[in-house]
Amino acid sequence: MHSTLLGKNLQELQGIAQEVGLPAYTGKQMAEWIYKKRVTDIAGMTNISQKGRAALAEKYVIGRHAPVKEACSADGTKKYLFAAGDGQFVEAVYIPDNDRHTLCVSTQAGCRMGCRFCMTGRLGFHGQLTTAEILNQIFSIPEASLLTNLVYMGMGEPCDNISAVMCSLYALTADWGCAFSPRRITVSSVGLPPALKVFLEQSDCHLAISLHNPFPHERAGLMPIEKKYPLAETLKLLRKYDFRHQRRVSFEYILFDGKNDTMRHAVELMKLLRNIPCRVNLIKFHSDGNSELQGSNLERMEFFRDYLTGNGIMTTIRRSRGEDILAACGMLVAKQEQK
């Protein structure tokens, strides 16, 4: 079975070059072909000798795979389905918005966090994505050359696959890689402090924390991770870092009717976050029709936004995109599995 080159860092590529009898500097040539010129086949690395390419091809492939399915929304949003081995699938969502072109990337096949409101959580956990499988989503959509922003907010919990996630961020942001600005990448997490610490110390990318309820007991009812890693531990960790300059931290908050959208929730959320330079993104709930949870109406969302903003916390209501193509995480995979 051939190993993939996509996802390898410069040092690893130099080692591979020497392994197949090529000079170490060939590793830098390989990195340029993979991450800057984005070839899909080793044969395309034309400044490497034909003999050298043949030696590489005996053991390695680039590791690029086109999506197996796509769905296009009336608003321009596109959802791509990628095969992830052993009959599994993952999703990536492309969101165009004027000059901003964002891709929402998956990091796991399924998820083991078990959040009540999340279709991916209900699918269960089916395996970690490799670094190559994460990057392939970014490289292999038709709009790859247009992308301005990346968000690790698709299927799976990025901090539960921290090694592959960090390797992918390294390849994306390093000068030898894609040289993508870390200010244009956001990684989302429900809050796993040990892995978050790795991310915060080894990356300059933005962070988004899925919060959804400021009261521990109520949050645990929505998000089982609260029992193992309380939100308080995550907030304590975040207070040790500087979010006033290049890096930004935001908090994602899905509003559920009567569950987390009352005045007492707004007041408690304000108290929790007032000492952290941050923003709050309020999100409309995308129901799949099988959840007992219902989304809050616009009036309640605007009340929540205005209360937090009035108390010094920048708060926005995220515009829903792609509802007609099942754009919320896991919905297209679930539909594929039903088939």
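Residues numbered from 1 in each chain as written. Predicted model: local features only at pLDDT ≥ 70, side-chain atom pairs only at ≥ 80, totals over all residues. Heavy atoms only, no water.

In this section: the packing of helix H7 (residues 193-202) against helix H10 (residues 231-238). Each pair of packed helices can be summarised by the angle the axes make with each other and by the distance between the axes. Axis separation between H7 and H10 bottoms out at 10 Å; the angle between their running directions is 20 degrees. In terms of axis orientation, H7 runs roughly parallel to H10. Helix-helix and strand crossings are classified by hand; for H7 and H10 the assignment is right-handed. In this structure, H7 contributes Pro193, Leu196, Lys197 and Leu200 to the contact, and H10 contributes Glu233, Thr234, Leu237 and Leu238. For the contact of H7 with H10, the per-class residue count stands at five nonpolar, one polar and two charged. (Axes fitted to C-alpha atoms, helices over the stretch in contact; angles between N-to-C directions. Helix = DSSP H or I, 4+ residues; strand = E, 2+ residues; numbered from the N terminus. Parallel < 35°, antiparallel > 145°, perpendicular 65-115°, else oblique. Left-handed = near helix turned anticlockwise from the far one by under 90°. Contact = heavy atoms within 4.5 Å. Nonpolar A, V, L, I, M, F, W, Y, C, P; charged D, E, K, R; others polar.)

Quick look at empty space enclosed by the protein now. What the rule picks out here adds up to one cavity of 30 Å³ or more. Of the volumes computed, that of the largest cavity is approximately 50 Å³. The greatest single-element share of the lining of the largest cavity, amounting to three residues, is contributed by helix H6 (residues 162-173). Split into classes, the residues belonging to the lining of the largest cavity amount to four nonpolar, two polar and two charged. (1 Å grid on protein atoms, 1.4 Å probe; cavity = no way out; pocket = protein on both sides within 12 Å on 5 of 7 lines; lining within 4 Å. Points joined across faces, edges and corners; volume = space filled by probe spheres on them.)

Let's shift gears to helix H12 (residues 298-310). Spacing of three or four residues puts side chains on the same side of an α-helix, whose turn is 3.6 residues. With 13 residues, H12 extends 18 Å between its outermost C-alpha atoms, agreeing within 8% with the 18 Å of an ideal straight helix rising 1.5 Å per residue. The complete set of buried residues in H12 reads Met301, Phe304, Tyr307 and Leu308. The buried residues of H12 occupy an angular sector of 130 degrees when projected down its axis, which confines them to one face. H12 presents Leu298, Glu299 and Gly310 as exposed residues on the side facing more than 90 degrees away from its buried surface. On its buried face, H12 is in contact with strand S12 (249-255), helix H11 (263-273), strand S13 (279-284) and strand S14 (314-317). Two to three positions downstream of the cap, the backbone nitrogen of Glu299 sits 3.3 Å from a side-chain oxygen, assigning the N-cap of H12 to Asn297. (Expected span 1.5 Å × (residues − 1). Buried < 20%, exposed > 50% of the residue type's maximum accessible area, 1.4 Å probe, protein only. Arc of directions from axis to C-beta. Polar contact = N/O pair within 3.5 Å; in protein donor to acceptor, adjacent residues only side chain to side chain.)

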